[in-house]
Amino acid sequence: MSTSQSNATLELLLAHRSIRHYQDAPVPEADIRAAVVAGQAASTSSAVQAVSVIQVTDPAVREAIVPLTGGQTKVAKSGAFFVICGDVRRHRLTCDDAGAPYDARLEAFLVAAVDASLFAQNMVVAFESMGYGACYIGGLRNDLPAVDAALGGLPEGVYPLYGLCVGVAAEAPIARPRLPVDAVWMKDGYLDDAAMRAHMQRYDDAYAGYMEARGAPARGWTAGVAKMFSKVQRAGLAAYYAAKGADLG
Ligand SMILES: Cc1cc2nc3c(=O)[nH]c(=O)nc-3n(C[C@H](O)[C@H](O)[C@H](O)COP(=O)(O)O)c2cc1C
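Definitions and limits used
- Residues numbered from 1 in each chain as written.
- Predicted model: local features only at pLDDT ≥ 70, side-chain atom pairs only at ≥ 80, totals over all residues.
- Heavy atoms only, no water.
- Salt bridge = Lys/Arg side-chain N within 4 Å of Asp/Glu carboxyl O.
- Helix = DSSP H or I, 4+ residues; strand = E, 2+ residues; numbered from the N terminus.
- Buried < 20%, exposed > 50% of the residue type's maximum accessible area, 1.4 Å probe, protein only.
- Domains from an automatic or database assignment.
- Pairing = 2+ DSSP bridges.

(A) Fine view of the pattern of salt bridges. Within this structure, the stated rule accounts for four salt bridges. A salt bridge links Glu-156 to Arg-92; the shortest N-O distance between them is 2.5 Å. On the criterion of sequence distance, the pair formed by Glu-156 in the loop between helix H7 (144-150) and strand E4 (158-167) and Arg-92 in helix H5 (residues 89-98) is long-range, its members being 64 residues apart. Classification of Arg-92 by relative accessible area gives buried; the value is 16%. Across the pair Lys-244 and Asp-148 runs a salt bridge whose closest N-O atoms are separated by 2.9 Å. Residue Lys-244 is found in the segment after helix H11 (237-243), and its partner Asp-148 is found in helix H7; the two are separated by 96 residues along the sequence. You can call Lys-244 buried: its relative accessible area is 13%.

Dropping the structure here:
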């Protein structure tokens, strides 16, 4: 990817690739602290800061989480592993202490998911700026009750969203192409379906070439999307988050 503009920040952002293989090297505490503080510097809805990040430091717990993510060994082998959580716990405690009811619904859950993701992406960019590679782990949501138990039992109001592996890269993958910018950047309205389909078709060709270059079958992006969204995924999520106190209504 490229832009007509260039500066160190843009170059860093455009150099992003998920890293899935890591050298056997820890990430120093000072670097982690810097990334977490950078995460905290992200914008946050009304400054509610509805996020917590749990670093999993116990190697046995990291090993226990591997099968819960569909066997992603990088969860145990990366330099550091984190669980990113939307977190309304502090708000609930504050309401309790004030004797006020806590009546936060889907909006509060969305605020937590958005805040946590802005925080996490700031962390990723911070780590990448320090020379590390990173990979989010959505596979963490395969079995959240088991992840919760592995973390010693999370309190109400804490919603694990995804994991994050960080470490020194042991691979240099080619960049995964993105949709044409005109498929995502619109002005004053939304594209008609024919125009959108044309963009996706164009992207399919680039994507199939990328897959082939990676040594995988030359499958287009739309084929993967159709496969992914034609079956129910992680059906237990609403029940888990509701059990953690989320009102998704
Ligand atoms: C929330 C989230 C969850 C993800 N979960 C996984 C995962 O479980 N395993 C994995 O290998 N990659 C995971 N990824 C990485 C994506 O597959 C990757 O970002 C995407 O294919 C684009 O590739 P790139 O990051 O190299 O540009 C995840 C990314 C995001 C944003």
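Resuming the write-up.
(B) Just the domain arrangement of the protein, in detail. Parsing the protein into structural domains produces domain 1 (8-173) and domain 2 (177-231). Spacing between the C-alpha centres of domain 1 and domain 2 amounts to 28 Å.

(C) Quick look at the pairing of E4. Extensive coverage of E4 is indicated by the burial of ten of its ten residues. As judged from the eight bridges shared by strand E2 (residues 80-87) and E4, these two strands associate in the antiparallel manner. In the sheet register, Cys-85 faces E4, and the bridge partner there is Pro-160. Sheet topology note: the strand E3 (residues 133-137)/E4 ladder contains five bridges and is antiparallel. Across the sheet, Cys-135 pairs through a bridge with Cys-165, a residue of E4.

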